[in-house]
Each structure stands twice: as C-alpha cells, then as structure tokens.
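# Structural overview for review
Listed below are the residues making up each chain.
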Amino acid sequence: MRSQIQKAAILTIMICLILITVQLFKNGRERQTRVMQSMPPPVPLGNQEGPRKWCVPQNSVYFLKIPKCASTTSFQIFVAYGVKHGLSFALPPVLRSPKPEYGSPDGRYNMVVTHTLFDNDRAQQVMKESAKYVATIREPASRFESMWYFGRYEKRFGMNLSAFIKASQYTSNQKRKLNTIATFFGVKDPSDRATKSEMYGKAKWLNQIFDLVMIAERFDESLVLLKHLMCWDTEDVVYVKAKIRSPSYRPKVSEEEKDRLRELNSQDVILYRFFSEVFEEKVKAFGKERMRREVEDLRQANARLLEDCGAELTGSSNTVKTWRVKSNSSICKMVSLNGANIINQLIRRQKIWVSSNLTYDLLSWTFT
C-alpha cells in the first residue's frame, strides 16, 4: 500500500515538473517574440528602387576605358565617387611600374579608371580582391568615325575619311588604329585572321571576367545596371556628358561607308554584338518597366546636377565643346576639366597622401 502511494507521489511530481518546463518554454518564446517585434528591421543599403536588394556598396572597380565609347563620361563618374569616398586610384604609370612615388603601400588600389590595355594577371595584382570589372563599348563604325576626327587621323594619314574607307590596302600604322575595342580588351589578332568562332570564344572568356560591359548607345540603362552592380545611389552615377563634338566635326557617313568600316573592324563587331546580347539579357532580367522608371530618375538627377553646377557649353577645345560652371563644388569643378587635367590633379592628391605617410585625409581633398 505504502509502495503504491510513493509511486503516485513520484508520478505527480514528474507531471508537475513537465508542466512547469512547458510553461517556462512558452514564456521564453513570448518574450523573444516581443523583443524581436520591438527591434527595427534592417534597412537595405543604397537607394534601390523597385524590389528591395540587400547589398553592401562596392568601393573597388576596374574600369576599362576604351577611347570614344562614352569613356570620359564614365571615367568622371568613377572619379567623382572615388574622390567623394576617399579612395585610391591606380594612375599612370602604375600598370607599368610596380612602385611609383605616388603609389599604394601594398601595391593595390580601389580604382583603375584611365586608358590601359587589359591584362588580367596585372589587373589582379593591382586591384582589391573585391573589385568589380566594368567596361564600355560602342558600335564599331560609329566609334571609328568619331575617333577619326578626335584623333586627327586625317592629318596623320594624309587623307580624308572617305578616301581611307575606299583604300585597297593599309599601312601597319593604319591597321593599328583598327579593332580598338579588341585591342583594349587584350584579345586582338594582329593578323586579323581570327575566325568568328575564335572571337566568340574570346568574348565568352571576357564575359567571365567582366561583371558589366556597358553599351554607349544605351548609356543611361547601362548606368542603372552599374548602380545596382555596385550598390550605389542614383546620385553616385549622375553625369554631365563629356567631349561633345562640335558640329563642324560631324560629317555624314553613308550606310555603305559604315558597312565598310564594320568590315575593317570585324573583330570589334563580333565583340560588340556578343556583349549587346548579354546586355539585353541583363535588361530583361532587371525588368523593362523598372528600367524605364530608373532611367527617368537618373535623367532628372542629371538635370539637377547641371542646374546646381550652373553648367553651360561655352567654347571648344580641338574637336569638342567645353563646359563652364558657376559652382565651386568639387564635382562641378571636375566637370569643367578635361581628362588630362583630372588625372594630373589626382596624381597630386595621391602624392600628398603618400608623402604624409598616409596620414593625409583623402576625404578632405577637392578639385581646384
């Protein structure tokens, strides 16, 4: 009898312990829920219109600056961001000399933004490991025609563009000016005997390295994709168009002449068509309506920049028009400078930084 009473008591105690444990667990879950509900949700970084994108702003980019591909305008966008955030630039002759006097102490930089021929091994040596790789290309016939006047090829070659197009043979110096896109990507076949299959193979290889190849004819869409790739704000990709050609250097080129220029730049044509298809797929994945909205936002931001700078086209330098600004802000001053002057100021900026044993605050520097 006494044994049965003891068993019943033990069973009662076990049931009570189980009930207490369950209640404590429920109370703990309720407290955790209340705490979680009182905490503000994380905020996505960057001004990301459309569906929210959780990302961290990227501060390192290798920009392949190819002549006459909206490259100076793109260059100014990257420079403005780098100066604003106190970043380091790999400037000439960094890609040729490993220890320039104004170089980074560890030989690595946040940004490459100047004209250079792409070398994947060398790029990886000077760039931060997190760097994004970006380039801009342009329809080859249009690019060559623009470069003809900007590069003063008529004076160099002793003939006008029409005569050059109709020529039956070309000197080695003239051939070096063809297929410039392929040249800067580091995949040009000097003999110009590469097959379409071989060039597409090279394009696919480049596509594995470059995170974004922008298209000059779709520049605003390109910048929207760039903004999201880098997790930047719209204000980080605003621009004032650089190197606008003077009207006297805009001759008409017939469709027949354009076709001939494409034949002469056949390697560039293959690269352009390949990356145009890649670009179109990126736009489709992004969403056409979403893209339309963000392009409009960018254009409004561009208009605000022009107004804030008091920028106006007032004169010309060689074949392009020049900007005059009223504002003394750093970005507005940069808009009024040509590419060479911008690079010279960046070199002076980095020399100050290095000579101070890296104690100089790069965030305090502005264009003059």
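Everything numeric here is computed off the predicted structure, so don't read it as measured data.

Thresholds, definitions, all that
Residues numbered from 1 in each chain as written. Predicted model: local features only at pLDDT ≥ 70, side-chain atom pairs only at ≥ 80, totals over all residues. Heavy atoms only, no water. Pairing = 2+ DSSP bridges. Helix = DSSP H or I, 4+ residues; strand = E, 2+ residues; numbered from the N terminus. Contact = heavy atoms within 4.5 Å. Axes fitted to C-alpha atoms, helices over the stretch in contact; angles between N-to-C directions. Buried < 20%, exposed > 50% of the residue type's maximum accessible area, 1.4 Å probe, protein only. Disulfide = S-S within 2.5 Å. Parallel < 35°, antiparallel > 145°, perpendicular 65-115°, else oblique. Nonpolar A, V, L, I, M, F, W, Y, C, P; charged D, E, K, R; others polar.

### Brief notes about the sheet that holds strand 3 (residues 111-112)
- Reading across the sheet, the 5 strands line up as 2-3-1-4-5 and stay open at both edges, with parallel pairing between neighbours. Two strands lie at the open edges of the sheet, namely strand 2 (89-90) and strand 5 (212-215), each paired on one side alone.
- With 4 bridges joining them, strand 4 (residues 132-137) and strand 5 adopt parallel strand pairing. For valine 134, the partnering residue across the bridge sits in strand 5 and is leucine 212.
- Sheet contacts for helix 12 (residues 266-286): strand 4 and strand 5; angle to strand 5, the most-contacted strand, approximately 100°.

### Some remarks on the pairing of strand 4
- Burial runs high along strand 4: 5 of the 6 residues are buried.
- Relative to strand 4, strand 1 (residues 61-64) is paired through 4 bridges, and the arrangement is parallel. Across the sheet, residue phenylalanine 63 finds its bridge partner in strand 4, namely valine 134.

### Let's talk about the state of the cysteines
- With the rule as written, the count across this model stands at 2 disulfides.
- Two residues, cysteine 309 and cysteine 332, share a disulfide whose sulfurs are 2.0 Å apart. Torsion about the S-S bond of the cysteine 309 and cysteine 332 cystine: about -80°, corresponding to left-handed handedness. Placement of the pair is cysteine 309 in helix 13 (residues 288-309) and cysteine 332 in helix 14 (residues 330-335), with a sequence separation of 23 residues. You'll find cysteine 309 and cysteine 332 in the same group, each marked buried.

### Side note on the environment of glycine 310
- Locating glycine 310 in the fold gives a position in the loop between helix 13 and strand 6 (312-317).
- A relative accessible area of 21% places glycine 310 in the partly exposed class.
- Expressed as a C-alpha distance, the spacing of glycine 310 and lysine 326, which sit 16 residues apart in the sequence, is 5.0 Å.
- For glycine 310, the residues in contact, after removing those within four places along its chain, are Arg324, Val325 and Lys326.

### So, the packing of helix 10 (residues 219-230) against helix 13
- In the contact formed by helix 10 and helix 13, the axes pass within 9 Å of each other and the chain directions differ by 100°. Relative to helix 13, helix 10 is oriented roughly perpendicular. Where helix 10 approaches helix 13, its residues Asp220, Glu221, Leu223, Val224, Leu225, Lys227 and His228 are matched on the opposing element by Arg290, Met291, Glu294, Val295, Leu298 and Arg299.
- Taken together, the residues of the contact of helix 10 with helix 13 sort by class into 6 nonpolar, 1 polar and 6 charged.

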